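Each chain, letter by letter, is given below.
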Amino acid sequence: MGFKANSGIDLHIHSTASDGTFSPSQILALALEKGLGAISITDHDTVDGNRQALCHGIPTGLNFLTGVEISACPPPILKGLSSIHILGYGIDIENYTLKQTLTDLQKSRKNRNPKIISRLNSLGIDISLKTIKMEAGDCQLGRPHIAKALVKRGIVKSMDEAFDKLLGKGKPAYVEKFRISYKQAIRLILDAGGLPVLAHPILLGLKDQNHFEQFLVSLLQFGLKGIEVYYPEHSPECMSFYAKLAKQYNLLMTGGTDFHGSIKPEIQMGSGAGNFFVPYELFEKIVAACN
Ligand code: AMP
Ligand code: FE
Ligand code: FE
Ligand code: ZN
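Residues numbered from 1 in each chain as written. Chains lettered and ligands numbered in written order. Predicted model: local features only at pLDDT ≥ 70, side-chain atom pairs only at ≥ 80, totals over all residues. Heavy atoms only, no water.

J.: What is the right way to look at the overall build of the protein in this model?
T.: Of the regular secondary structure elements, the protein holds ten helices and seven strands. Taking 19 Å as the expected radius of gyration for a compact globule of 291 residues, we find that the protein reaches 18 Å, a close match to that expectation. With the C-alpha coordinates of the protein rotated into their principal frame, the extents come out at 60 × 40 × 40 Å. Within the span of the protein, comprising 291 residues, buried residues form 54% of the whole. The positive charge centre, built from 31 side chains, and the negative charge centre, built from 27, are 6 Å apart in the protein. (Helix = DSSP H or I, 4+ residues; strand = E, 2+ residues; numbered from the N terminus. Rg over C-alpha atoms; globule rule 2.2 N^0.38 Å. Buried < 20%, exposed > 50% of the residue type's maximum accessible area, 1.4 Å probe, protein only. Lys, Arg positive; Asp, Glu negative; His and termini not counted. Charge placed at Lys NZ, Arg CZ, Asp CG, Glu CD.)

And the structure:
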């Protein structure tokens, strides 16, 4: 694998199997075109995109790591947050319990959509699930698609505003959905032979470094194996802090852009908003830990 030493990797990518706009085969082609050394498709609560990528065939010269991003119920220290995202790498995508649980989670997202729409309707917003589905195409419909539709209709100016004013936790059109706990998510990934990793720690909103460290330590006892150190929204200081903790607690470091295609157009695969880069050596260490 040494010949890949200079190439970057992207271990956080969403496909059309969740709320990304690129199909798994388009993702493989784009990764190859960009000269990435390795990628992982980490869809929200589904491994269907992984299955499609593997069936399509992984191009020579590109390494592929199976992945998933589970939206789990956070611990009490994160009150105010609707979910904590746990990435799972190197999972057996045919693991029975994993498949069953992910199906339940997808159902709960699906069942929530009409409830969100009726809340929006009762707020006087004229929008229907049918048209949103048509606009979104064949994907796992969720709040990002509803947010996009609200922007398109001029009801809000941006996706962020849609979440901040209407769809986010505690906002008028927010609807709870069934989630497994963060402990169960970690266990599920371990039992499917994978490595559980804390996704985009900055988004947890734990500003105090001691609080963050305490929180991270609390996840270790349940089997957390890594932390997403490289993420487009992490400042250099932030990355050094997470890298320091990774070293201190013997955690793997991972990284990726959270590429979603045109639903998050400012983020490009592999390079984020411009000069983002995740070194290939991280991938080698993750693969070694999977075996
Ligand atoms: P859902 O899976 O339906 O609960 O929607 C949550 C997803 O919406 C997250 O995983 C993100 O992909 C996306 N999301 C959350 N907040 C925002 C935001 N402020 N702007 C754009 N997308 C967001
Ligand atoms: Fe997403
Ligand atoms: Fe996430
Ligand atoms: Zn993601």
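Still more ground to cover, so stick around.
J.: Looking at this structure, how should I read the coordination of the zinc ion (ligand 4)?
T.: Working reference: metal with six octahedral donors, ideal angles 90 or 180 degrees; metal with four tetrahedral donors, ideal angle 109.5 degrees. Those protein atoms acting as donors to the zinc ion (ligand 4) are His 12 (NE2), His 14 (NE2), Glu 69 (OE) and Asp 258 (OD), and they sit at 2.0 to 2.2 Å. Of note is the zinc ion (ligand 4), whose four donor atoms meet at the metal with angles of 82 to 173 degrees in an arrangement that counts as irregular. Mapped onto the polypeptide sequence, the residues donating to the zinc ion (ligand 4) form the spacing pattern H-x1-H-x54-E-x188-D. Separating the zinc ion (ligand 4) and the iron ion (ligand 2) is a distance of 4.9 Å. Here Glu 69 is found in strand E3 (residues 63-72), whereas its partner Asp 258 is found in the loop between strand E7 (252-255) and helix H10 (280-290), with 189 residues between them in sequence. (Donors = N, O, S within 2.8 Å, 3.2 Å for Na, K, Ca; no water. Tetrahedral: all angles 85-135°; square planar, octahedral: opposite > 155°, others 65-115°.)

J.: Quick question: what am I supposed to make of the packing of aromatic side chains here?
T.: How two aromatic rings sit relative to each other is given by the distance of their centres and the angle of their planes. All told, the structure shown has seven aromatic pairs when counted by the stated rule. Aromatic pair Phe 22 and Phe 259: ring centres 5.1 Å apart, planes at 65 degrees, arrangement edge-to-face. In this pair, Phe 22 sits in the loop between strand E1 (9-13) and helix H1 (24-33) while Phe 259 sits in the loop between E7 and H10, placing the two residues 237 residues apart along the sequence. With a relative accessible area of 3%, Phe 259 lands in the buried category. When the centroid spacing of 5.7 Å and the interplanar angle of 45 degrees are considered together, the rings of Phe 241 and Tyr 242 count as tilted. Of the aromatic side chains, those joined through ring pairs into one cluster are Phe 212, Phe 215, Phe 241 and Tyr 242. (Phe/Tyr/Trp six-rings, centres within 6.5 Å; stacked < 30°, edge-to-face > 60°.)

J.: Honestly, a negative patch on the surface in this entry has me stumped. Any pointers?
T.: A grouping of Asp 160, Asp 164, Glu 233 and Glu 266 is seen on the molecular surface, where their side chains present a negatively charged patch. Classification of Asp 164 as exposed rests on a relative accessible area of 53%. (Patch = residues over 30% accessible without salt bridge, like charges linked within 9 Å, V, L, I, M, F, W, Y side chains within 5 Å. Areas by Shrake-Rupley, 256 points an atom, 1.4 Å probe, with all protein chains shown as cover. Salt bridge = Lys/Arg side-chain N within 4 Å of Asp/Glu carboxyl O.)

J.: Sorry, what's going on with the site of ligand 1 here?
T.: What surrounds ligand 1 is a group of 13 residues, the closest being His 44, Arg 109, Arg 112, Arg 143 and Asp 160. Asp 19 is positioned such that a nitrogen or oxygen atom in its side chain is 3.0 Å from an oxygen atom of ligand 1. Side-chain polar atom of Asp 160 to a nitrogen atom of ligand 1: 2.8 Å apart, as the coordinates give it. Relative to its free-state accessible area of 500 Å², ligand 1 is covered by the protein chains to the extent of 77%. Contributions of two or more residues to the shell around ligand 1 are made by helix H3 (96-122), helix H5 (143-152) and helix H6 (159-167). A per-element tally of the shell around ligand 1 places H6 first, with three residues. The residue inventory of the shell around ligand 1, partitioned by class, reads three nonpolar, four polar and six charged. (Near = heavy atom within 4 Å. Polar contact = N/O pair within 3.5 Å; in protein donor to acceptor, adjacent residues only side chain to side chain. Nonpolar A, V, L, I, M, F, W, Y, C, P; charged D, E, K, R; others polar.)

J.: Help me out: how do you make sense of H6 in this one?
T.: In an α-helix there are 3.6 residues to a turn, and that puts residues three or four apart on one side. Those residues of H6 not exposed but buried are Glu 161, Ala 162, Leu 166 and Leu 167. Buried residues of H6, seen end-on, are gathered within an arc of 145 degrees and therefore sit on one face of the element. For H6, the exposed residues set more than 90 degrees away from the buried face come down to Asp 160 and Asp 164. Elements in contact with the buried residues of H6: H3 and H5. (Arc of directions from axis to C-beta. Contact = heavy atoms within 4.5 Å.)

These figures capture arrangement, not role.
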